[in-house]
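Secondary and tertiary structure notes
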Amino acid sequence: MSIIAPQHRVVLIRLTKSFPISDESSPEFRGQLYAATSKWWKIAASRTVQGPGAPEFAFAVHRGVVKAVYKIESWRRSPDSTRFGFSGTSSSELDGIYGGLDMSQYLPNGAANPVRFVNCSPAAATAVTPDELVGVPQLSEVDRVELITELARKLDQEPLAHIMLGGRELFHTNLLAWFCREMPQQASDVFDALVPSPDSADPKPQGYIRRVERERAHLDLSIWWDDHRTPLVIENKVFSLPDPDQLDGYSARILNDTELDRPTQIILSLQDPQWPEDTFDTTDRVPGGASWVRVSYGTLSGLILHALEGASASYEVEIIRHYAEMIKVLQELADAVAVRSDDEPVLLTDSLAGAHIEQRLLWSLAKLRARSVSQIIQSDLDACSFDCTVDSGFSNGTPVITAFHYLQPNRAKGASVGWQLQGREFRLCAVLPGLAGASDADAQSRLDWGKSNCQHFDFNVVDPALNSAALQEYPKGNAASGAFNKFNPDFIYRSKKLDSLTVAQLLHAARLAARSKSKE
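Residues numbered from 1 in each chain as written. Predicted model: local features only at pLDDT ≥ 70, side-chain atom pairs only at ≥ 80, totals over all residues. Heavy atoms only, no water.

1. Notes on the sheet that holds strand E1 (residues 10-14)
- In space, the five strands of this open sheet follow the order E4-E3-E2-E1-E5, with mixed pairing throughout. Of all the strands in the sheet, the pair left with one neighbour each is strand E4 (84-90) and strand E5 (115-118). The mean inter-strand angle of the sheet, taken between neighbouring strand axes irrespective of direction, is 40°.
- Sheet topology note: the strand E3 (residues 65-77)/E4 ladder contains seven bridges and is antiparallel. (Pairing = 2+ DSSP bridges. Helix = DSSP H or I, 4+ residues; strand = E, 2+ residues; numbered from the N terminus. Axes fitted to C-alpha atoms, helices over the stretch in contact; angles between N-to-C directions.)

Set out below in structure tokens:
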């Protein structure tokens, strides 16, 4: 049974370490409680814009019980612009209704996220756009290139970085497991910070890591404590992000392992996956599943460096200190390549053409950049209610961004049409799994399909956005005559090679292409 009435849009904020130590009857307690409740929280920016997804009231919750209710009047960004806080006043009316009530059904013991929205529409999973970054200092493209070049130079001087670029996720998993075994006290301090505090009256246990395993049930890192806390599972995603199916698979493996009982589930990643409140909930997708919480490598770096303060100098300490400094620089690089303005060029390589950056790192940064662009486009098309799936990848040393509209409900077998940007080549394309094959007859069947559906390959739709009307279209001829390039086993396309392209142009082209598909 729901405790909070449906007409009340509420954000529940669980306070643990930040809960005032003053006696609740003392005159200063109320002010301290408001200060702790009102800031700073990692929530979607759409939660701060008036509408069905934005809460009207904030509940201060400690050990599962409502301690105060505030009427939210406005929101503001934190000084580093990564979180939000609210301004408000005490609500005597709702405090009289909900004050002292147990909210455990909304914030169960062990829930990783201290923030829970009730009776609010789902947050829009907005990507980082200029509107999202109001007040954030904007670097010029020249300054950004200088920053990236300097950060890349620092990484190039770190031997661990060269090992990492060869091993990616495996490197981080192995080193963190070694950290847990060789420095259990400091590692316990680090990973303890990722485990939520209980809402019960009992204090948070202060035990140590008892056991750590790599690749148990194909999960990167599993950690057990020497107290009654549930395990901690960590998946490393350095230059990539997990898709929902991957997360479902991880959750299923956890459910099938009796020793991984209700663990805290963490995704370590450089890039923000744009999950509402940094949380992806698999509950509705996997029976018995739980939430995954994203933690940045920058956050991990800060926790490690703090845990090493005062540690005696040793080989082990210096290795982990170097690791923490390295992932701090890596996070700064990832932040630097994210799109900050739609006036920027889409391709990172346009800006970094003269920079001396190690090739593997440059490719990794280009991959992050493509992901940032694809997030913005997906968010924009979602906001316009266009049914398109935007993705990014990396092929033949070049970032790839795609947007497809499925022509049939069965996405596994049905045709999809859309566009693809690889380097400077913009393609209008189709993927035809029902006509897949490597034989000449298979290839001809795909060309015949394109000829019969030539409206999907009309550059007149996107030329106004790309400023490409005068550019040569390839292959010569036209779609109506069956002139297509192809990649086996199921891909056909026509293309133009662009001179330059900004994020704003690509956004405009994506909207035009999506609108044309929605009318068909």
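2. Section: the sheet that holds strand E9 (residues 264-269)
- Reading across from one edge, E6-E7-E8-E9-E11-E10 is the order of the six strands in this open sheet, with mixed pairing throughout. Strand pairing shows two members of the sheet lacking a second neighbour, strand E6 (209-216) and strand E10 (279-281), which therefore form its edges. Here the average twist between neighbouring strands, direction ignored, is 25°.
- Sheet topology note: the E6/strand E7 (residues 219-225) ladder contains six bridges and is antiparallel. Residue pairing for E7: Val 212 is matched across the bridge by Ile 223.
- Helix H6 (residues 184-192) rests against E6, E7 and strand E8 (232-237) of the sheet, and its axis sits at about 105° to E7. (Contact = heavy atoms within 4.5 Å.)

3. Digging into the packing of helix H5 (residues 169-182) against helix H9 (residues 315-337)
- Viewed as axis vectors pointing N to C, H5 and H9 meet at an angle of 140°, and their least axial separation amounts to 11 Å. Between H5 and H9, the crossing angle belongs to the class labelled oblique. Crossing of H5 against H9: the hand is left-handed. Two secondary-structure elements touch here, H5 through Phe 171, His 172, Leu 175, Leu 176, Trp 178, Phe 179 and Glu 182 and H9 through Glu 316, Ile 319, Ile 320, Tyr 323, Met 326 and Ile 327. (Parallel < 35°, antiparallel > 145°, perpendicular 65-115°, else oblique. Left-handed = near helix turned anticlockwise from the far one by under 90°.)

4. Concerning the environment of Val 400
- You can see Val 400 is positioned in strand E13 (residues 398-406).
- On the accessibility criterion, Val 400 (9% relative accessible area) is buried.
- Between the C-alpha atom of Val 400 and that of His 228, which follows or precedes it by 172 residues, the distance is 47 Å.
- Apart from the residues within four sequence positions on either side, Val 400 is in contact with Ala 370, Asp 391, Ser 392, Gly 393, Phe 394, Ser 395, Gln 420, Leu 421 and Gln 422. (Buried < 20%, exposed > 50% of the residue type's maximum accessible area, 1.4 Å probe, protein only.)

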